[in-house]
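Summary of structural features
Here's the letter readout for the chains.
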Amino acid sequence: MVGVMEPPALVPPGLGFSVLHQKVELDIDFATKSLRGKTEILISPHYKDLKKIRLNCRQCSLKRLNINGRPPTLLYNEPYSKMKIHSTASIHQHHMLRQKLAPQLREPPEEELVVNLPKSVRIEEIDLFAMDAGNVLASRVNGVAKRDSGDAASVAATPAVRVDDQAGRFKPLTVYIEFAISAIRDGLHFVGMEEGDPRYPHAYTKNSSSPGSACCLFPCVDDLSTRCTWEITIKCPRTLGDAVGHLVNDGDRRDRGSGVGLDNSREDGLMLDEGFAQDLSGLTDDEKALDMVVVCSGDLTDEIVDPLDPTKKTFSFICATAIVAQHIGFTVGPFDHVDLSEFRETDEDDKLGQNAIHVHGFCLPGRAEEVRNTCMPMAKAIDFFTLTYGSFPFASYKICFVDDQARETVETASLSICSNNLLFPEDITEPLNIVTRKLVHALARQWIGINIIGKEPRDTWVLVGIAYFITDMFMKRLSGNNEYRFRQKQAADQVCELDVARPSLYDIGNLVPLDPSELEFLELKAPLVLFILDRRLTKAGGSSGLSRIISRIFLNGKVGDLPNGALETKHFIRTCEKLGHTKLEAFFQQWVFGAGCPRFYVTQRFNKKKLVVEMMINQVQIQQPTTRDIRSETFMRDAKEYEHEVNPGPVQPAFIGPMTIRIHEADGTPYEHIVDIKDTTTRLDIPYNTKYKRLKRSRRQKERAAAAAGIDISADTQDDVLLYCLGDVLQSEEEVLDWRLVDWSKDDEERMNQESFEWIRMDADFEWICKISIVMPGYMYVSQLQQDRDVVAQLESIQYIAAQKESALVSTILVRTLMDKRYFHGIRTAAAHALAKCGTEDLEWIGLYHLEKAFQEFFCFPQSAMTKSNDFSDRTDYYMQCAIPQAMARVRGNDGKAPMRVKRFLFDQLKFNDNSNNDYSDCHYIATLMLALSESLITSGHKDVYNFAFDEDEQEETRFQKAAIDEIERYRQLDEWIPSFHNVYSMAALDCKRRLQQEKVTQPNVLDFMRYTQEGTFALLRLNAFSSLVELGMLRVDPIMRYFIYVLRTDPSPFIRTSLLRLFSKGLGSIAIGESLPQASEPQHEGLVIVQEGGATDSRQQEIARTQTVPGALQALRKELDGNETLKQALWGAVTSPEVGLLEVRDLLSICALLYESKTSLIVELKYPRKWAVQHMGKGRMRFYRSDKIRTTPTTPLVSEKVKIKQEKTKQENEPPASVGIIKLISKPKKPVPTPTPISPESTKPRLTLKLKLPGSNAGPAQAQ
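Position labels on residues start from 1 in each chain and follow its written sequence. Only residues with pLDDT of at least 70 are given local features in this predicted model, and only at 80 or more are side-chain atom pairs given and counted; all residues enter the totals for whole chains, interfaces and linings. Hydrogens and waters are ignored; side-chain quantities use all the structure's heavy atoms.

What about the overall build of the protein chain?
The test is simple: Counting from the N terminus, the helices are the DSSP runs of H or I reaching at least four residues and the strands are the DSSP runs of E reaching at least two. Buried, partly exposed and exposed residues are distinguished by accessible area as a fraction of the type maximum, computed with a 1.4 Å probe on protein chains only: under 20%, between the cut-offs, and over 50%, respectively. Residue contacts are defined here by distance: any two heavy atoms, one from each residue, within 4.5 Å place the two residues in contact. To measure how exposed things are, a 1.4 Å probe is used in the Shrake-Rupley method; for residues, cover is taken only from the protein chains shown.
On a plain count of helices and strands, the protein chain comes out with 40 helices and 34 strands. The buried share of the protein chain, reckoned over its 1265 residues, is 52%. Put simply, 74% of the contacts in the protein chain that link residues at least 6 apart link residues at least 24 apart. In the structure as shown, the protein chain presents an accessible area of about 61300 Å², 50% of it carried by carbon and sulfur atoms.

Given below as structure tokens:
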């Protein structure tokens, strides 16, 4: 990525003017997939000597341009015409194409259109003393929206854009441009216009997170430093029939331009025909009558039918809030409107009053109910944000769902364009939390990301962190505190695992354009950093924490205190310190400007003499490996970082800050101690408070006896029973015998009685993103699991118990956790998965028995193994019903195989599943059972175990395997007749087949997946098939690889192309680290010892290098693919394809740079010269002409080697000849010619002697050369 490493300047140097207002008019033609339009840009010069106006303009054909009505001279470098080099270039000239595109790949991009001011246009100063002079700019900035819309309140509340002081000295200039775009490659995408595509035709803007998308649709200043108000007018077909009822095309429309001019003329031979709509889309009369709707950034002010063309209508919008060009977006299609404000509660409506924001949903016909179900919380979310953080920056909020969206959500001003893949009906509950968080985040971006932007790319972490922080605050209110803290703990563990040899949060902002995974890591860590900052501010200052700080930042952005509405890291830190009343330099230095996460190793002992708990806290992150294994998913990111010389942040030896230590002493009272971590080693003496340590033990014994006797604990005895608030199920003797439970041994009980405290909890208030290993006996972790009500403490205990050696006691603790419905569902599912480890032959399958008993208890009829009909009304029970079969599928015997009873259980659950009485769909549950059944067929491990099984057992295994695969295949076929939600059955079936083929349970069959890669298949299912091919290493097969790249460059869907590009990168990573290489079997030599020498050692070192170092992986990848001509041709064809967008070309060129060496060369093809011939015509006439003989050697020998210049040693020696450079001619004849005979030196200049007799002349014979 060119220029990605250096932070670009916010203001383009030499711009010399500010944009005050821009008016855009677009006329969209669906039939030819083109548009034409015009724009007026009102600019304010910064100085009187302004000579040039630089604008961003791509893929536009300029028709007319003037400044204040005067035609100027201009220079237009259209970048898409540069996306090709000479025809003889190969993939080794990738750097030459990269250099040509470098100006457009920078941030901000270089201006393509340079307009010279006409000499007749003068820049005049404004009379500052005139009465109305001060209102000139204000009226322009706020736009003529006030006059047209009549919404004076919204315009008056809009803050003026801050411009340079010099901007108000001169009268504004108006730049008027008319343009047309015939071949749209970026900026706008049409859906449903391909032949055979049954979807409703619609179009939408392809906005990017980086500048360069808006200028693909209209000339503008497309960078983050320029904000202005907007007027947007879009003309489109009036009905769906008008949109598709014109065009007749003889060839492939994707390979031809449309060439639509401003005078309605067509330059590409396309004809008008009434019958084309029926052939193109098969629309019914009712569908043709559907009205086309435009949903655009800003507020709708007018909608009229074109008086000159009744088949078209015009929508007008005004955006009175100043925004950058890349945040202008719109959609056009036959959308249904859904009023999402109806889900707002009455009390909230009364509380907000006029500040209540209208929320509108738009979708394609037939999906209105899905929009209502999916977007139900959006009105509640916008009210929460408004009351907590400040008013909404726009007058209304719109959500529009479209097909083929590359990203799931694209945020523009007051409009979020979302993928239809996010929609789900009322009977689907699986994606509820995930989709809701994505939609709420898209809403949060309106405050931070659209209204407030980052000053530099390095400030991206602030925008991302605040947007996700306020999103999670709403999700906490919606889903509860347990769900919120559980997800935060999972995210913290993931950050600790991934944040190894990575740059800091601050530096990653520059790397976001490098690879999509950079932004994903930023989205994971940045909200967590703000989460622990909020915890520390709340605890230290007693304030409302980060919410107050965010509210102040939003207020500053509204009133104009943020220059250009741009937030920088320094300003954020100052605001936190000012409102938090504390110094935060060390915090930000560690968590924002530094990299990595701390790892604590804690030891403790109780000193009876001093009555203190002696603790030593060691930070051991410096001892951890500084490198990580290369993974196929992240290989491309690692390779790009290596090529761009991105240095990871240094490992910090010590993180400092306050930490809360909570000691639960013997009387059951938790005592909190706040310690200050200042160094790598911290020694503490924490005072002990309890005098009677046996008090709690006696209470425990009383409670256990009461539970065993089945006595109900009354209120009178409740004071004596304070423990076992969780996990105290299955306590009676009958239950203990029936469930085969065990309890602590006497030795363990004695040790527990000798302990002075129950357990110690480090970082009890979740103020650190870290890994903590504290040396405590296992029973203390069990006490923490059963008595600490914090879900984070419970998860830490489950993680510790799951990592211990399996035993019947561990299984007992886990199954009691699973069976106690008071636990959070995430803790219970974690316990279920941990139980699989205890299902071994050595323990008599105790873990498996507990899983079976739990499933029978919850989901079967009493005293029967018959499963009840599904009932997913309780989501917690649904999670358990999915988790238990998943855990059972992972149970293995000593031979690495799953027990037959597990296989039959999963098979029966899948075959006899009953969903007839369920209000919810069971498609995701069926998919879970399918995956679990396929997992049980896989033999894990590589143990050398002798097989003494009889043939009958082997035949039974074979028969069952066939029956299981047939059952999976049955659901796949059922999905073809009765499609499940998102074809979940088919996707699960493909995953099952891939796993079975990977583990060599079944024979590889590429056709199982190739059939789903064809165009017309549901996009997610299609990508699943491509992903399976990559996982199986099919990119090593040339025909499949060629087909893969062909789809990557020709598919009309941006979603498919973008996803395939990531899959292709993953496939290259798999080849680089040798994942899909066949394992060579070691030769067996009975009774011999084989000593491997040098060659094997070198090979082993290379294998280690390719899996652990980026240079080693790159070297292996290049070595394996260097001679693959098929890949070279296919990849270069994708780079030079006229259908691929600029950013996709950038990513493909990055892959080329990693795979192939750059060679600067230009092959010049010359025709062989023909020899001259002469013919005597008689009477003294000669005819010279070119003969058919071809000259293959030059008449003057060419210097083929560089002449070496010898130094003159004496004055008597001859002077050395001049240096001559290399001349390389590569000539290619059009037809083969015979090898010419050598030409002697005498014949290099042939002489032709002619004897001419001229009357009255005594001259000798003439010579011709």
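Picking up where we left off.
Observations regarding unusual backbone geometry
Negative phi characterises most residues that are not glycine, and trans characterises most peptide bonds. A positive phi angle is found at A501, which is not glycine, with a value near 55 degrees. By the element assignment, A501 lies in the loop between α13 (481–498) and α14 (505–511). Residue A501 is classed as partly exposed on the basis of its relative accessible area, which comes to 28%. Even without being glycine, H982 reaches a positive phi, approximately 55 degrees. By the element assignment, H982 lies in the loop between α31 (951–977) and α32 (984–998). Residue classification places H982 among the buried positions, given a relative accessible area of 17%.

Observations regarding a negative patch on the surface
The test is simple: A residue counts toward a patch only above 30% relative accessible area and without a salt bridge, and it is joined to like-charged neighbours within 9 Å or, for Val, Leu, Ile, Met, Phe, Trp and Tyr, to nonpolar neighbours within 5 Å. The salt bridge criterion pairs a side-chain nitrogen of Lys or Arg with a carboxyl oxygen of Asp or Glu, the two atoms within 4 Å. Here the positive residues are Lys and Arg and the negative ones are Asp and Glu; neither His nor the chain ends is included. Positions of charges follow a simple convention, taking NZ of Lys, CZ of Arg, CG of Asp or CD of Glu.
Residues E733, E734, E735 and E857 make up a contiguous surface patch of negative charge. No other element matches the 3 residues that helix α21 (residues 733–739) contributes to the negative patch. Structurally, E734 is set in helix α21. Owing to a relative accessible area of 59%, E734 belongs among the exposed residues under this scheme.

Quick word on the pairing of strand β32 (residues 1181–1190)
For clarity, the cut-off: Each pair of strands is called paired provided DSSP finds at least two bridges between the two strands.
Where strand β31 (residues 1170–1178) and β32 come together, 7 bridges link them in antiparallel fashion. Counted as the bridge partner of R1170 is I1190 from β32. Between β31 and β32, which pair antiparallel one after the other, the connecting turn spans 2 residues, and K1179 there sits at a positive phi close to 60 degrees.

Focus: the environment of T412
Put simply, the rule is: Here a polar contact is taken to be a pair of N or O atoms separated by no more than 3.5 Å, where protein atoms must pair a possible hydrogen donor with a possible acceptor and residues adjacent in sequence count only if both atoms sit in side chains.
Secondary-structure assignment places T412 in strand β20 (residues 409–412). T412 sits 37 residues away from G449 along the chain, and the two C-alpha atoms are 9.2 Å apart. The contacts of T412, once residues within four sequence positions are left out, are N207, S297, H327, I328, G329, Q446 and I450. One polar contact links T412 to S297, side chain to side chain, over a distance of 3.4 Å.

Digging into the packing of aromatic side chains
Under the convention used in this document: Classification of ring pairs rests on two measures: the distance between centres of Phe, Tyr or Trp rings, Trp counted by its six-membered ring, which must be within 6.5 Å, and the angle between planes, read as stacked under 30 degrees, edge-to-face over 60 and tilted in between.
Taken as a whole, this structure holds 37 aromatic pairs when the rule is applied. For the ring pair F392 and Y397, a centre distance of 6.0 Å and an interplane angle of 75 degrees mean the geometry is edge-to-face. Accessibility expressed as a relative area gives 6% for F392, which makes it buried. On the numbers, 5.1 Å between centres and 45 degrees between planes, the contact of W591 with F655 is tilted. Of the two residues, W591 sits in helix α18 (residues 585–591) while F655 sits in the loop between α19 (635–643) and β26 (657–665), which places them 64 residues apart along the sequence.

Points about the packing of helix α36 (residues 1054–1072) against helix α38 (residues 1110–1121)
Packed helix pairs are characterised by how far apart their axes lie and by the angle those axes make with each other. Cut-off, in case you're wondering: Fitted lines through C-alpha atoms give the axes, limited to the stretch in contact for helices. The angle between two N-to-C directions lies from 0 to 180 degrees. Here roughly perpendicular refers to angles of 65 to 115 degrees, roughly parallel to angles under 35, roughly antiparallel to angles over 145, and oblique to all remaining angles.
At a minimum axis distance of 8 Å, the contact between α36 and α38 shows a crossing angle of 95 degrees. When the axes of α36 and α38 are compared, the pair comes out roughly perpendicular. Packed against α36, whose contacting residues are L1068, I1071 and A1072, the element α38 presents A1113, A1116, L1117, E1120 and L1121 at the interface.

Observations concerning the confidence of the model for the protein chain
How we decide: Every residue gets a pLDDT, meaning the predictor's confidence in that residue, from 0 to 100.
For the protein chain, per-residue confidence averages 84 on the pLDDT scale, and 82% of positions sit at 70 or higher. Throughout residues 1–12 the model reports pLDDT below 50, and contacts reaching past four residues in sequence, or to other chains, amount to 36 contacts. This stretch, residues 713–723, has a pLDDT under 50; its non-local contacts, to residues over four places away or in other chains, come to 11 contacts.

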